[in-house]
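Report on the structure
Chain by chain, the residues:
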Amino acid sequence: MASLVGSRVERKEDKKFLTGKGRYTADINLANQTYAYFVRSPHARASISKVDVSKASNAPGVVKILTGDDLAEDKIGGLIAGWKIVSQDGTDMKVPAHPPLANNTVNYVGDHVAVVIAETLDQAREAADLVRVDYKVLKAVVKTSDALNSKPIHEGIDKNLCFDWGLGDKSKTDEAFSKAEKIIKIDLVNNRLIPNAMEPRASIGDYNPSSENLTLYTTNQNPHLTRLVLSAFCAIQPEHKFRVVAPDVGGGFGSKIYPYAEDAVIAWTAKKIERPVKWVAERTESFLSDCHGRDHITHAELAVKNDGKIVGLKVETIANLGGYASLFATVTPTYLYGPLVLGLYDIPVAFCNVKAVYTNTTPVDAYRGAGRPEATYMIERLVEKAAKEMGIDRAEFRSKNFISKFPHQQCLVHNIDSGDYSAHLNKALELSDYKNFENRRTESKSKGKLRGIGFSTYLEACGIAPSAVVMSIGAGVGLWESAEIRFNATGNISVFTGTHSHGQGHDTTFAQIVSDKLGVPIENIDLVHGDTDKGPFGMGTYGSRSLAVGGTAITKACDKIIDKGKKVAAHMLEAKPDEIDFKAGEFIVKNSNKKKTIGEIAFACYLPGQYGEIKSPLPEGVEPGLKETAFYDPVNFSFPAGTHICEVEVDQDTGETKVVAYTAVDDFGTVINPMIVEGQVHGGVVQGIGQALYENARYDESGQLITASYMDYTMPRANNLPELRIDYTSTPATSNPLGVKGCGEAGAIAAPPAVMNAVIDAIDIDISMPATSEKVCNALQKNKKNNKEAA
Amino acid sequence: MQRVSLVINGNKVSREIEDRTLLSSLLRDILSLTGTHVGCDTSQCGACVVLVDGKSVKSCTLFAADIDGSKIITIEGLANNGKLHPIQEALKKHHGLQCGFCTPGMVMSVVDLLKNKKNPSDQEIRDWLKGNICRCTGYQNIVAAVKEAASKM
Ligand code: FES
Ligand code: FES
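Being a predicted model, the structure only gives us computed values, none of them experimental. (Residues numbered from 1 in each chain as written. Chains lettered and ligands numbered in written order. Predicted model: local features only at pLDDT ≥ 70, side-chain atom pairs only at ≥ 80, totals over all residues. Heavy atoms only, no water.)

Secondary structure summary: chain B contains five helices and five strands in total. Its C-alpha atoms give chain B a radius of gyration of 15 Å, within 12% of the compact-globule value 15 Å for 153 residues. By its C-alpha atoms, chain B is 45 × 30 × 25 Å across when sized along the principal axes. The proportion of buried residues among the 153 residues of chain B is 57%. Accessible surface computed for chain B: about 6200 Å², of which carbon and sulfur atoms make up 49%. Charge-centre separation for chain B: the mean point of 19 positive side chains lies 7 Å from the mean point of 15 negative side chains. (Helix = DSSP H or I, 4+ residues; strand = E, 2+ residues; numbered from the N terminus. Rg over C-alpha atoms; globule rule 2.2 N^0.38 Å. Buried < 20%, exposed > 50% of the residue type's maximum accessible area, 1.4 Å probe, protein only. Areas by Shrake-Rupley, 256 points an atom, 1.4 Å probe, with all protein chains shown as cover. Lys, Arg positive; Asp, Glu negative; His and termini not counted. Charge placed at Lys NZ, Arg CZ, Asp CG, Glu CD.)

If you want it as structure tokens, here you go:
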């Protein structure tokens with residue numbers, strides 16, 4: 001059997017999706033099901049004096065209407081922030097209560113006030129209109145930049161400050177700056193984004209009064225963690241009587257990591273009325289209530305020697321958390337951001353300060369890249385600016401400062417095991433034909449277009465995460481992963497993983513690994529995930545962790561299968577276990593042709609004894625059955641890196657900005673399925689281009705989200721994009737046996753600075769994301785006017 | 001309420017429905033043809049595209065009652081006796097889908113394109129697909145798949 005690791009195996013999961021047989025949450029209908037519709041706050045900030053459901057309760061088809069009072073009466077707990085951050089002054093972060101249905105205040109447009117359950121969706125929707133809520137509208141704090149200077153929106157949270165966190169050595173950094181030959185400064189806004197997985201969120205609760213078991217079907221990236229939170233903190237149902245199923249999930253990008261208010265309410269309601277309850281978000285609800293991403297304001301300074309060597313870095317960031325602190329919201333702008341501000345440069349000292357603030361906007365949490373795109377945007381814009389101001393070529397400036405020896409202990413947190421940054425830079429320079437760029441610029445000019453080029457050399461920390469490390473810095477859980485291999489008597493295999501696939505192709509990639517490891521054809525291997533009743537507890541999918549952590553757990557479970565198989569084979573072949581080699585699905589006695597296939601061994605494990613001609617006694621002390629579980633806790637993060645180079649053309653009259661060439665060379669360590677990895681890079685880069693050129697969540701002064709539909713929030717479409725050039729270099733990770741580093745977020749991390757550096761290079765004006773036609777056009781006009789006035 | 005009669009994937013279907021029932025809702029909620037997806041409420045995403053009398057349309061934008069007597073093909077009815085349509089094959093080969101949510105609409109849009117264009121250029125494909133949002137793939141592999149499917153038809 002040829003090795004599958006490294007080959008472009010077509011995806012096992014595709015056929016169902018291509019023929020309309022996918023089974024997403026909204027596709028599930030249960031007998032006797034009811035429909036839920038949420039009454040949401042139309043105000044960004046208000047206190048509620050009364051929720052009157054009397055009229056609505058009498059509307060046709062209404063089964064039940066529940067409010068925050070009912071929730072409190074049932075002692076249902078609130079949603080949590082899962083990572084404790086400690087401020088520089090030693091105080092714990094400040095977190096407001098976050099009940100799944102509002103108690104007496106609402107804190108963003110879309111915040112949940114009541115749920116209406118009816119026999120049909122239309123009836124639920126119509127009755128929701130009849131729920132009367134007496135709001136007293138309060139002054140909303142909307143802008144990130146206003147939060148610290150505004151009255152608190154949550155009682156007792158002074159300055160709206162959740163935490164004021166610092167990382168690094170401040171005095172040493174100040175000293176480096178005092179001696180610096182040159183200081184480069186930059187002010188940046190990282191625009192707020194809305195993740196927009198194409199499948200809107202949905203939940204279905206189903207309670208069985210006879211067994212007292214509760215099932216929640218939900219669009220989620222980590223069903224076990226969702227069950228844990230809904231059990232341990234919301235107290236809806238004990239964990240052992242609670243099953244959470246995340247069936248086919250139509251994209252997540254972080255936005256489906258968290259248990260949401262709707263999940264809690266639907267699960268609780270189904271139990272309360274003892275009938276299934278179904279809720280499916282309308283797209284506008286998704287815009288309003290799915291966690292948003294990014295939203296930082298940053299000032300950063302780079303201390304540099306005249307020869308271009310970086311000697312220090314200072315970063316000050318205000319991160320907007322929105323109305324409440326969501327599950328991963330506090331780690332995203334701290335430990336996923338701060339350590340990464342160094343990029344892949346050898347910077348001797350640095351200090352990063354992050355103030356996280358509450359505003360009356362939708363909660364912000366991890367979105368593809370989570371902290372790392374914000375860090376990369378900062379350092380890559382700053383480095384590009386430094387190169388320009390100092391008259392050093394952008395590639396040369398970067399490579400002069402690259403980390404070049406591994407392992408490398410960075411001055412902040414990470415110990416980077418492996419990499420070769422010049423390798424991907426050089427390959428990208430060649431692929432993008434950097435040396436002839438000026439000719440292309442001239443050529444564009446002759447057509448009346450401004451052409452620019454921009455670089456981004458990035459580093460990410462993936463494979464999240466070593467439990468002891470993350471728990472020492474505030475994580476409320478360990479971030480190991482689980483796997484179970486169940487070898488069936490007939491020789492096929494069910495593989496259970498605690499990660500979740502919602503587009504990443506785990507069914508295929510993980511089966512490739514098992515197939516190679518155990519020598520079983522890939523069609524006989526089935527991956528099972530997304531159901532807390534089936535496999536062991538797992539931590540889900542985010543932070544490009546699934547393969548590095550979950551894949552390694554699978555490898556370890558395979559090793560245990562092989563170990564047991566050796567014992568059984570030795571017994572059957574009358575040899576000692578250490579005389580048995582395992583290769584390509586066969587247990588072979590060294591230096592002989594005596595062997596048993598792994599299928600025969602599995603059969604023997606299930607039928608220990610004599611069956612007709614077949615003799616398969618198990619050795620003494622070996623249990624029947626062939627099933628192994630492994631939990632893997634990574635020893636370190638993994639560190640993908642790469643170089644992306646973007647070229648844009650700007651129409652001087654209209655401001656229209658187009659990406660005309662894009663080159664990505666990434667080092668993901670070992671690649672299991674290059675086809676799937678390419679897909680991840682394409683998707684990530686396009687989301688990054690979206691952030692740079694099109695996407696922006698905008699609120700008006702009163703806190704209304706004015707980009708709450710696809711008519712207003714611009715998503716990249718097929719005709720906005722060029723053909724991307726993708727290539728790789730590879731330095732295998734040393735922190736896991738597969739050598740893999742993770743690839744899911746790289747594109748979204750690398751692309752925004754590459755595109756923006758190109759736009760700024762083209763127009764020679766510093767503008768913020770997204771570089772929409774309007775913004776670019778206005779900037780060009782203003783410049784023209786200024787130049788005229790100056791002349 | 002009114003009665004509509006349609007031929008869906010070759011089967012005659014007749015149902016008493018409300019005037020406001022959208023075609024997407026008839027397919028998904030009444031006939032359990034959940035392969036057709038709903039991704040938005042403003043007719044922007046294309047997840048819901050089906051063929052009505054051979055033309056690709058957004059089924060979330062159409063009252064079922066308005067198309068009485070039409071022939072409809074949904075994603076479930078595209079493969080012929082288990083044999084996938086060339087675009088279904090090509091999307092698999094070129095990894096033109098990830099989460100699969102946009103895929104049914106994408107496929108049905110492409111079927112219409114390929115009926116009318118023999119060998120569409122990259123730009124023609126990209127322009128045609130601008131009504132179908134995919135958040136996962138970045139479109140590149142979808143474009144490659146469309147080209148391959150075109151060459152096979
Ligand atoms: S569901 Fe989005 S266009 Fe029809
Ligand atoms: S494959 Fe996920 S939206 Fe297209």
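Residue and element names in this part refer to chain A. Enumeration over the complete set of coordinates arrives at five cavities of 30 Å³ or more. Approximately 160 Å³ is the volume found for the largest cavity. Taken together, 16 residues line the largest cavity, and the ones lying closest to its centre are L79, H98, P259, Y260 and S326. Across the lining of the largest cavity, the residue classes break down as 11 nonpolar, four polar and one charged. Taken domain by domain, the lining of the largest cavity gets at least three of its residues from each of domain 1 (14-138 + 198-251 + 256-289) and domain 2 (293-464 + 636-790). (1 Å grid on protein atoms, 1.4 Å probe; cavity = no way out; pocket = protein on both sides within 12 Å on 5 of 7 lines; lining within 4 Å. Points joined across faces, edges and corners; volume = space filled by probe spheres on them. Nonpolar A, V, L, I, M, F, W, Y, C, P; charged D, E, K, R; others polar. Domains from an automatic or database assignment.)

Below, the discussion takes up the interface of chain B and chain A. Taken together, the contact pairs 44 residues of chain B with 50 residues of chain A. Taken together, both faces of the contact between chain B and chain A bury some 4100 Å²; the carbon and sulfur share is 53%. Looking at the side of chain B facing chain A, the largest losses of area belong to K92, R135 and Q140 of chain B, adding up to 20% of the total buried there. Counting across the interface, chain B meets chain A through five salt bridges. Residue R20 of chain B is joined to E126 of chain A by a salt bridge in which the shortest nitrogen-to-oxygen separation is 3.1 Å. (Contact = heavy atoms within 4.5 Å. Buried area = accessible area lost by both parts, 1.4 Å probe. Salt bridge = Lys/Arg side-chain N within 4 Å of Asp/Glu carboxyl O.)

Attention now moves to unusual backbone geometry. For the bond running from F406 of chain A to P407 of chain A, omega is -5°, close enough to zero to count as cis. Note the cis peptide between I464 of chain A and A465 of chain A, where omega equals -5°. One can find A465 of chain A in the loop between β18 (449-459) and α13 (467-472). The backbone of S43 of chain B sits at a positive phi, close to 60°, despite the residue not being glycine. Structurally, the position occupied by S43 of chain B is in the loop between α1 (23-30) and β3 (49-52).

Our focus in this paragraph is the confidence of the model for chain B. When pLDDT is averaged along chain B, the result is 97, and 100% of the positions lie at 70 or above. For this predicted complex, the interface confidence reaches an ipTM of 0.98, while the overall pTM sits at 0.96. (pLDDT = per-residue confidence, 0-100.)

The next point concerns the domain arrangement of chain A. Residue and element names in this part refer to chain A. Taken as a whole, chain A is organised into domain 1 (14-138 + 198-251 + 256-289), domain 2 (293-464 + 636-790) and domain 3 (480-632). Just the C-alpha atoms count here: the centres of domain 2 and domain 3 sit 41 Å apart. Counting from both sides, the interface comprises 21 residues of domain 2 and, opposite them, 18 residues of domain 3. Roughly 1400 Å² is buried in total at the junction of domain 2 and domain 3, and carbon and sulfur atoms are behind 63% of that figure. Among the residues of domain 2 in contact with domain 3, I464, I672 and L738 are the three that bury the most area, contributing 35% of the side total. Where domain 2 touches domain 3, the interface holds zero salt bridges. Between the two partners, domain 2 and domain 3, sit four residue pairs in polar contact (both at pLDDT 80 or more). Per-class residue counts for the side of domain 2 that touches domain 3 are nine nonpolar, eight polar and four charged. (Polar contact = N/O pair within 3.5 Å; in protein donor to acceptor, adjacent residues only side chain to side chain.)

Glancing now at the sheet that holds strand β4 (residues 105-106) of chain A. All names here are of chain A. Judged by pairing direction, the sheet is antiparallel, and its three strands sit side by side in the order β4-β2-β6 without closing on themselves. Only two strands of the sheet have a single neighbouring strand rather than two, namely β4 and β6 (132-137). Relative to β6, strand β2 (residues 46-52) runs antiparallel, the two being bridged by six bridges. Following the sheet pairing, S47 is matched in β6 by K136. (Pairing = 2+ DSSP bridges.)

All names here are of chain A. Within the sequence span of helix α12 (residues 437-446), burial applies to F437, R440, R441 and S444. Projected onto a plane normal to the axis of α12, the buried residues spread over an arc of 105° and lie on a single side. Counted as exposed and oriented over 90 degrees from the buried face of α12: N439, T442, E443, K445 and S446. Residues of α12 that are buried sit in contact with β18, β28 (641-651) and α18 (746-763). (Arc of directions from axis to C-beta.)

All names here are of chain A. Strand β15 (residues 350-358) sits mainly inside the fold: eight of its nine residues count as buried. Sheet analysis places strand β7 (residues 161-168) next to β15, joined by seven bridges and oriented antiparallel. Within the sheet, the bridge partner assigned to G166 lies in β15 and is N353.

The subject of this paragraph is the side chain of R201 of chain A. All names here are of chain A. Mapped onto the fold, R201 is located in the loop between β8 (182-190) and β9 (202-208). Assessed through its relative accessible area of 2%, R201 is described here as buried. A distance of 2.8 Å separates polar atoms of two side chains, one belonging to R201 and the other to D290. Those residues within four positions of R201 in sequence are excluded, and the remaining contacts are T219, K256, Y260, E262, W279, V280, A281, S286, S289 and D290.

With that settled, the discussion passes to the packing of aromatic side chains. All names here are of chain A. As enumerated under the stated definition, the model contains 18 aromatic pairs over all chains in all. Aromatic side chains F582 and F587 sit 4.5 Å apart centroid to centroid with 40° between the ring planes, which places their arrangement in the tilted category. Of the two residues examined, F582 and F587, each falls in the buried class. Here the aromatic residues Y258, Y260, F328 and Y542 are joined through ring pairs into a cluster of three or more. The aromatic ring of F177 is capped on one face by K314, whose charged end is 4.5 Å from the ring centroid. (Phe/Tyr/Trp six-rings, centres within 6.5 Å; stacked < 30°, edge-to-face > 60°. Lys NZ or Arg CZ within 6 Å of the ring centre and 35° of its normal.)

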